[in-house]
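Residue-level listing of the chains:
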Amino acid sequence: MANQLAYVIHKAGITACFFLLSFSSFSGDKIWVFDPDLQKAYQLILNLQTDQAYSELKKINSKSNELHKLYVLSLCETVDVLITEDAGKFEKIDANFKERLRFIQSLPVSAETLFLEAELNLQRGFNLINLNQELSAVFAIKAAYNAAQECQKNYPDFIPIKKTSGVIQVMVGSVPDKFHWFMSLLGMKGSVKVGQKQLEELKASNSSLHLEATILFFTIKGFINQQFEEASKGIADCLKSQPDNRLLLFLGVNMMMKNSQSEEALTLIHALDNLTSGLPVYYMEYLRGEILLQKGDYTHAIHAYQKFIQGYKSHSFKKDAYYKISLCYVLQNKHDLARTNFDLAKKMGKEVAEPDKAAAAQLREDKFPNTKILKVRFYTDGGYYKEAKEALHVILPPDLALSKDLIEYYYRKARLSHKTGELPAAKLFYNQTIDMTGENPWYFAPNSALQLGYIAQSQKDFPSAKKYFEKALSYKRHEYKNSIDGKAKSALDALEN
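If you're wondering where the values come from, they're calculated on a predicted model, not measured in any experiment.

Caption draft 1: Unusual backbone geometry, seen in detail. The residue Ser260 is not glycine, and still its phi comes out positive at about 55°. Tracing the sequence through the fold places Ser260 in the loop between helix H14 (246-258) and helix H15 (262-273). If you check the backbone angles, Lys460 has positive phi at about 65° while not being a glycine. With respect to the element layout, Lys460 can be found in the loop between helix H25 (444-458) and helix H26 (462-474). Since its relative accessible area comes to 61%, Lys460 is described here as exposed.

Have a look at this one:
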């Protein structure tokens, strides 16, 4: 359930968790301007340099910023666990969370204490989500929701709470319809549109939280609204002023990959390679492997996936990584190594992250996908459109003997046409995919419906957009149901508002 509540956060593993958290410099400031000493530690944390941040925090002895130092220390611990995904570390900091929350709740109620109560509960919820303790995460997020609601009601001029409330509004607002009963039971209501508006207001303010609100705003634009071009440009603008910020670089890689700008994303990965101070981000090796697989550099893709598997502590994405290694080998015609890693993928990792679920669906078929279609898929996903078109042209009718392969062929034609701006062809092929898929549990049809909704929305044909988004939600089971439902729900919410 918590995976549904935090879809935008969990989608990329650690993509959005860090910048949901921040702090103030002195009590009573309605916009919050950072204390210089805490600002230095804060910047180190957002640069994923938690050891250095701990050192800076130890130097701060003043009692005047006790609440704010407490918050920054909690933030530092949270980022440490979110990056390392170390369950052992979380056991220690979870005790710290609870002690700090008791301390905050013992103080007279104010905008600052309610904000900190909401933020710390949200931090704790993210850690629990990342460690797959979903039920506990739900109740932590519910506590954050309650504190944020109280703060907004009693202190409507307090700007920082718009960040906490905005995030929760987006999280709850993107929960698929089938979980609405649970949200109602908890007394939680949300709207992606409302959440974005709150973040935009904070983004436009003079608050020191301006950068976090900006990053959040564009991250939601991408992962929830599927406006990846705008999101990529927004993160790129932030990087102009902070080119060495490791968090911004990490987010830039994610957004550009989603916008089929893998070559540009690879440039940012190389920039990250040169910034060695701070926590190692092993998930970046997974993304490096994805890009190298997309561009056909299979040997180096294998090396990147293997490095990810060795360094990453979580089980997430590991099933998919082994599966992708097997695909690299089969595309190199090294069938023995391909089968070895294919069988390893069956045993390794868990089916929690959606790439792992998609890999598991293919593994259950116990056969490799059509290699010619695979090349089209990877080239298209990476933005290598010339190579994708060339790969399409060599696919002949005998290559499409299986029904699934024939349907995916038209789906890949639709995706390539869509990404290259050939919208009439894209609409034709998407509709053909939907018609041919029927009741088969493949994601080609629901994602075709989602994409047709986006096309109709961009053309101001809102009745058709609504029809297609609702159709995307109507498919009962497929490997990307959580993410496609979340996107369709968010799009419908935007249409209604």
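Caption draft 2: Broad picture of the pattern of salt bridges. Inspection of the entire model under this criterion finds 30 salt bridges. Between Asp80 and Lys89 there is a salt bridge, with its nearest N and O atoms 3.0 Å apart. Overall, Asp80 belongs to the buried group, its relative accessible area being 6%. Looking at Lys89, the relative accessible area reads 33%, which means it is partly exposed. Between Lys389 and Glu422 there is a salt bridge, with its nearest N and O atoms 3.9 Å apart. Highlighted residues: Lys389 in helix H22 (residues 385-393) and Glu422 in the loop between helix H23 (403-419) and helix H24 (423-437), separated in sequence by 33 residues. Exposure remark for Lys389: the relative accessible area of 35% places this residue in the partly exposed category. The class of Glu422 is partly exposed, set by a relative accessible area of 37%.

Caption draft 3: Representation of the packing of helix H6 (residues 87-105) against helix H7 (residues 111-130). Two numbers describe how H6 lies on H7: the axes approach to 10 Å, and their chain directions differ by 160°. On the basis of their axis angle, the class for H6 and H7 is roughly antiparallel. Crossing handedness for the pair H6 and H7: left-handed. Of H7, the residues touching H6 (which contributes Phe90, Ile93, Asp94, Phe97, Lys98, Arg100, Leu101, Ile104 and Gln105) are Thr113, Leu116, Glu117, Leu120, Asn121, Gln123, Arg124, Asn127 and Leu128. For the contact of H6 with H7, the per-class residue count stands at 8 nonpolar, 5 polar and 5 charged.

Caption draft 4: Quick look at helix H8 (residues 134-154). Here H8 is 21 residues long and its end C-alpha atoms lie 30 Å apart, about the 30 Å a rise of 1.5 Å per residue gives. For H8, the set of buried residues is Ala137, Val138, Ala140, Ile141, Lys142, Ala144, Tyr145, Ala147, Ala148 and Cys151.

Caption draft 5: Representation of the layout of surface pockets within the structure. In this structure, the second largest pocket encloses a volume near 310 Å³. Around the second largest pocket, the lining is made up of 16 residues, and of these Arg246, Leu272, Asp273, Pro280 and Val281 lie nearest the centre. Sorting the residues of the lining of the second largest pocket by element identifies H14, H15 and helix H16 (283-295) as the ones contributing at least two each. With 3 residues, the single largest contributor to the lining of the second largest pocket is H16.

Cut-off values and rules
- Position labels on residues start from 1 in each chain and follow its written sequence.
- Under the rules for a predicted model, residues below a pLDDT of 70 receive no local features and side-chain atom pairs below 80 are neither given nor counted, while totals for whole chains, interfaces and linings still include all residues.
- Processing note: side-chain calculations cover all non-hydrogen atoms of the structure and skip hydrogens and water entirely.
- Strands are runs of DSSP state E lasting at least two residues, helices are runs of H or I lasting at least four, and both sets are numbered from the N terminus onward.
- Only protein chains enter the accessibility calculation, which uses a 1.4 Å probe. A residue is then buried if its area is under 20% of the maximum for its type, exposed if over 50%, and partly exposed in between.
- Any carboxyl oxygen of Asp or Glu that lies within 4 Å of a side-chain nitrogen of Lys or Arg is treated as forming a salt bridge with it.
- A fitted line through C-alpha atoms represents every axis, and for helices the fit uses only the stretch in contact; the resulting angles, taken between N-to-C directions, go from 0 to 180 degrees.
- In what follows, roughly perpendicular refers to angles from 65 to 115 degrees, roughly parallel to angles under 35, roughly antiparallel to angles over 145, and oblique to any angle outside these ranges.
- Handedness of each helix crossing follows the sense of rotation of the near helix against the far helix: counterclockwise by less than a right angle gives left-handed, clockwise gives right-handed.
- Residues are treated as being in contact if the distance between any of their heavy atoms lies within 4.5 Å.
- Here the nonpolar group is Ala, Val, Leu, Ile, Met, Phe, Trp, Tyr, Cys and Pro; Asp, Glu, Lys and Arg are the charged ones; every other residue, Gly included, is treated as polar.
- Expected helix span is computed as 1.5 Å times (number of residues minus one).
- Cavity: a set of points on a 1 Å grid over the protein atoms alone where a 1.4 Å probe fits but cannot get out. Pocket: an open set with protein on both sides within 12 Å along at least five of seven lines, its lining residues, like those of a cavity, having an atom within 4 Å of a point.
- Grid points are joined across faces, edges and corners, and a volume is the space filled by probe spheres set on the points.

All we've got here are geometric facts, nothing functional implied.
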